[in-house]
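Summary of structural features
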Amino acid sequence: MKILLVSDEENSYIWDFFQPEKFKDVELIISCGDLKAEYLSFLVTMIKAPLYYVHGNHDTSYSIKPPEGCEDIDGRLVKYKNVRILGLGGSHKYSSGKHQYTEKEMEKRINKLKRKLWINKGFDILVTHAPAFGIGDRDTECHRGFKCFNKLIEKYSPKYFFHGHIHLNYGNHNLRVTQYKNTKIVNAFNYYLIDI
């Protein structure tokens, strides 16, 4: 299954000069946050594939005008073609803004999903906005990863972990794809196509 990952920065080439043949095999679109609602609605209209999203720390307007034709999976476990996808949006708390959490608050969000995770025997893909602690994050309050994501990966060993929040143009040490134990981690910044 080919998945289009998007996050943090709208790709002007896709938006202004859309090429259908480039995305004809895409079966699912996943947004890891911080994109304009209009951009997500455009993608789901042009590509003709379902679009799942989690909230980024800047997605405050979604409550007033959510992306049309897209499904919010933030704080949920969903299945698509027998692939179990867990969504946890937001970043570390650095102000009084929406979609920001302390480590303890994010742990509580995960704990609320424990029964569903047990019933479904885990998950295959973790979709978040923020990264895991020490794996592609940065040493600032806003861009620090969550330690509870590391624990989640260690416990359930998903095949994939898609996140955003860390712009690849922040510095040379940011990698698009990394491996943590049995999990392939992909930074979805801008856009990325992946076959799973």
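In what follows, the structure referred to is the one given above.
Below is a short write-up of the structure. These numbers were taken from a predicted model, which means no experiment stands behind them. (Residues numbered from 1 in each chain as written. Predicted model: local features only at pLDDT ≥ 70, side-chain atom pairs only at ≥ 80, totals over all residues. Heavy atoms only, no water.)

**Overview of the pattern of salt bridges**
Evaluation of the coordinates by the stated rule reveals five salt bridges. The partner of K81 in a salt bridge is E27, with the nearest N and O atoms 2.5 Å apart. Taken together, the residues K81 in the loop between β5 (76-80) and β6 (83-88) and E27 in strand β2 (residues 26-31) connect sequence positions 54 residues apart. Residue K81 is classed as exposed on the basis of its relative accessible area of 53%. Using a relative accessible area of 27% as the deciding quantity, one classes E27 as partly exposed. Where D74 meets R109, a salt bridge forms, and the shortest distance between an N and an O atom there is 2.6 Å. (Salt bridge = Lys/Arg side-chain N within 4 Å of Asp/Glu carboxyl O. Helix = DSSP H or I, 4+ residues; strand = E, 2+ residues; numbered from the N terminus. Buried < 20%, exposed > 50% of the residue type's maximum accessible area, 1.4 Å probe, protein only.)

**Here's the deal with the nonpolar core**
L86, L88, M106, L126, F149 and L152 are the most contacted members of the largest nonpolar core, which has 21 residues in total. Elements with a minimum of two residues in this core: β6, α3 (103-111) and α5 (147-156). Examining the composition of this core, we find that four residues originate from one element, α5, more than from any other. Those residues within four positions of F149 in sequence are excluded, and the remaining contacts are L88, M106, I110, T128, A130, P131, A132 and F161. (Core = buried A, V, L, I, M, F, W, Y, C linked by side-chain atoms within 4.5 Å. Contact = heavy atoms within 4.5 Å.)

**Let's talk about the side chain of D59**
When you line up the elements, D59 lands in the loop between β3 (51-53) and β4 (71-72). In terms of polar contacts, D59 uses its side chain to reach the backbone amide nitrogen of G56, at 2.6 Å. Excluding anything up to four places from it in sequence, D59 contacts G33, D34, L35, V54 and H99. (Polar contact = N/O pair within 3.5 Å; in protein donor to acceptor, adjacent residues only side chain to side chain.)

**As for the sheet that holds β2**
Taken in spatial order, the five strands make up an open sheet running β4-β3-β2-β1-β13, and their pairing is mixed. Edge positions in the sheet fall to β4 and β13 (190-195), since each of these pairs with one other strand and no more. Note: strand β1 (residues 2-7) against β13, six bridges, orientation antiparallel. Opposite V6, over in β13, you have Y191 as the bridge partner. Of the strands in this sheet, β1, β2 and β3 touch helix α2 (residues 37-47), which is tilted by about 175° from β2. (Pairing = 2+ DSSP bridges. Axes fitted to C-alpha atoms, helices over the stretch in contact; angles between N-to-C directions.)

**Focus: the pairing of β2**
Of all six residues in β2, five are buried, a share of seventy percent or more. Where β1 lies against β2, five bridges are found, and the strand directions are parallel. Looking at the pairing, I3 lines up with L28 of β2. Across three bridges, the pairing between β2 and β3 is parallel. Paired with S31 across the strands is Y53, a residue of β3. Taken together, β2, α2 and β3 form a β-α-β motif whose crossover is right-handed. (Right-handed = clockwise from strand over helix to strand, strands pointing away.)

Functional significance is not addressed by these values, which are geometric in nature.
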